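Reading the structure
As a plain string of letters, each chain reads:
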Amino acid sequence: MKVALIQMQVTAGDVAGNRDRGLAMAREAAQKAEVIVLPEIWTVGYALKNIDQWAEDQAGPTITALQQIAVDAQATIITGSLPYRKDGQIYNGAFVINPAGEIVGDYQKVHLFNLMGEQRFFAPGNKRCTFPLQQTTAGLTICYDLRFPELYRATTQDGATIIFVPAEWPASRGSHWRTLLQARAIENQIYICAVNCVGQHRDNVFYGHSMIISPTGDIIAEGTETEAIIYGEIDIDVVEQVRKSMSVWPDRRPELYR
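Residues numbered from 1 in each chain as written. Predicted model: local features only at pLDDT ≥ 70, side-chain atom pairs only at ≥ 80, totals over all residues. Heavy atoms only, no water.

Overview of the overall build of the protein
- Broken down by element type, the protein carries 6 helices and 14 strands.
- The C-alpha radius of gyration of the protein comes to 17 Å, within 12% of the 18 Å expected for a compact globule of 258 residues.
- Summarising its shape, the C-alpha atoms of the protein cover approximately 50 × 40 × 35 Å along the three principal directions.
- Burial analysis of the protein (258 residues in total) assigns 55% to the buried set.
- Of the contacts made within the protein by residues no fewer than 6 positions apart, 66% connect residues no fewer than 24 positions apart.
- When the 23 basic and 29 acidic side-chain charges of the protein are each reduced to a single mean position, those positions are 5 Å apart. (Helix = DSSP H or I, 4+ residues; strand = E, 2+ residues; numbered from the N terminus. Rg over C-alpha atoms; globule rule 2.2 N^0.38 Å. Buried < 20%, exposed > 50% of the residue type's maximum accessible area, 1.4 Å probe, protein only. Contact = heavy atoms within 4.5 Å. Lys, Arg positive; Asp, Glu negative; His and termini not counted. Charge placed at Lys NZ, Arg CZ, Asp CG, Glu CD.)

See the structure below:
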């Protein structure tokens, strides 16, 4: 399975420019990859004070355009997250579009990042997300979720062998990004596909370094601090091989973890 991570430069508030750039990069990636992943709130960046006017519903222009790309390329697209309006609330939400253009998964960020004031603009999600991906099951989380290992454990127990992580993660905590991503892969014996953005919002410089990590914690592919499409191969059979070689799952003591 060939995966493309769209590590794009996001300009806060430039919705039209960000959308055009992200869609162009997705079309380019779809020429080579079976799965395309975009970053967190890539259409708006952290210009959250105007989020009400920029929030889209499921039939909005961004999702509609990505559905067409998925159909044209016969690819799966992880939309990255968007300000998503549903039932009178706005969420930091992500969708999964299959090669038929159907939405087969959706996730609303459950852990809101209070340091950036997300709780003032978004409602929190209340469910985990898994979805079918080729011959396996995958999961979806967003950025700050990475600091909550319980969510990754539960999503893995739901059957996920890959978890996708769209993010807008700052360079000031870049070492945390790498460490936490590798930890989530190693402790759950799964693939982690994390896509970050680049660029700057006020004093926050975004880290880039999107990466695909194997179930043993090895980095298969990694970006730098510049805009790029990062490609990498995933072999789902490796998950079973790793779990046979290191018996983490049968050695667990869940009765002690509550």
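Here's the deal with the packing of helix H4 (residues 149-157) against helix H5 (residues 174-188)
- Contact geometry of H4 with H5 gives a least axis separation of 10 Å together with a crossing angle of 40°. Classified by the angle between their axes, H4 and H5 sit oblique to one another. Read as a crossing pair, H4 and H5 show a hand that is right-handed. Contacts between H4 and H5 pair Pro-149, Tyr-152, Arg-153 and Thr-156 from the former with Arg-184, Glu-187 and Asn-188 from the latter. (Axes fitted to C-alpha atoms, helices over the stretch in contact; angles between N-to-C directions. Parallel < 35°, antiparallel > 145°, perpendicular 65-115°, else oblique. Left-handed = near helix turned anticlockwise from the far one by under 90°.)

Some words on the sheet that holds strand E3 (residues 76-86)
- Spatial ordering of the open sheet is given by E5-E4-E3-E2-E1-E14, a layout of 6 strands whose pairing is mixed. Bordering the open sheet on either side are strand E5 (103-108) and strand E14 (228-233), each of which pairs with just one other strand. Pairs of neighbouring strands in the sheet enclose a mean axial angle of 25°, with direction left out of account.
- Sitting on the sheet, helix H3 (residues 61-73) touches E3, strand E4 (89-97) and E5, and the angle it makes with E3 is about 165°. (Pairing = 2+ DSSP bridges.)

Digging into the UniProt feature "domain: CN hydrolase" (unreviewed entry) in the protein
- In the numbering adopted here, UniProt assigns the feature "domain: CN hydrolase" (unreviewed entry) to residues 1-236.
- For the annotated span residues 1-236, helix accounts for 24% and strand for 32% of the residues, and the straight-line distance between the end C-alpha atoms is 8 Å. (UniProt positions renumbered as here; feature names shortened; annotations may be inferred.)

Let's talk about the packing of helix H1 (residues 15-29) against H3
- The contact between H1 and H3 brings their axes to 10 Å, and the two run at 15°. Taken together, H1 and H3 sit at an angle that is classed as roughly parallel. For H1 against H3, the interelement crossing comes out right-handed. Residues Arg-19, Leu-23, Ala-26 and Arg-27 of H1 pack against Pro-61, Thr-62, Ala-65, Leu-66 and Ile-69 of H3.
- Grouping the amino acids of the contact of H1 with H3 by side-chain chemistry returns 6 nonpolar, 1 polar and 2 charged. (Nonpolar A, V, L, I, M, F, W, Y, C, P; charged D, E, K, R; others polar.)

Structural notes on the nonpolar core
- The biggest cluster of nonpolar side chains holds 44 residues, and the ones touching the most others in it are Val-3, Phe-164 and Ile-192.
- The greatest single-element share of this core, amounting to 5 residues, is contributed by strand E9 (residues 191-195).
- Apart from residues no more than four positions distant in its own chain, Val-3 is found in contact with Ala-33, Val-35, Val-37, Phe-164, Cys-193, Ile-212, Ile-230, Tyr-231, Gly-232 and Ile-234. (Core = buried A, V, L, I, M, F, W, Y, C linked by side-chain atoms within 4.5 Å.)

Considering the packing of aromatic side chains
- A complete count under the given rule lists 5 aromatic pairs for this structure.
- Taking 4.8 Å as the distance between ring centres and 50° as the angle between the ring planes, the aromatic pair formed by Phe-113 and Tyr-144 counts as tilted. Of the two residues, Phe-113 is situated in the loop between E5 and strand E6 (130-133) and Tyr-144 in the loop between strand E7 (136-140) and H4; the sequence distance between them amounts to 31 residues.
- Assessed through its relative accessible area of 21%, Tyr-144 is described here as partly exposed.
- Ring plane angle 45° and centroid distance 5.4 Å describe the contact between Trp-169 and Trp-177, whose orientation is recorded as tilted. Comparing Trp-169 with Trp-177, the two get one shared label, buried.
- Across from the ring centre of Tyr-231, 5.3 Å away, lies the NZ or CZ of Lys-2, which sits over that ring.
- In this arrangement the basic side chain of Arg-153 is found over the ring face of Trp-249, its NZ or CZ atom lying 4.8 Å from the centre. (Phe/Tyr/Trp six-rings, centres within 6.5 Å; stacked < 30°, edge-to-face > 60°. Lys NZ or Arg CZ within 6 Å of the ring centre and 35° of its normal.)

Focus on the pattern of salt bridges
- Evaluated as defined, the whole model comprises 11 salt bridges.
- Salt-bridge contacts for Arg-19 lead to Glu-56; the nearest nitrogen and oxygen are separated by 3.0 Å. One end of the pair, Arg-19, is in helix H1; the other, Glu-56, is in the loop between helix H2 (51-54) and H3, and 37 residues separate them in sequence.
- A salt bridge links Glu-255 to Arg-253; the nearest nitrogen and oxygen atoms lie 2.5 Å apart. (Salt bridge = Lys/Arg side-chain N within 4 Å of Asp/Glu carboxyl O.)

So, the environment of Tyr-207
- Mapped onto the elements of the fold, Tyr-207 is located in strand E11 (residues 204-207).
- The exposure class assigned to Tyr-207 is buried, which follows from its relative accessible area of 14%.
- In contact with Tyr-207, other than residues within four places in its own chain, are Trp-169, Pro-170, Ala-171, Gly-174, Trp-177, Arg-178, Asn-196, Cys-197, Thr-224 and Glu-225.

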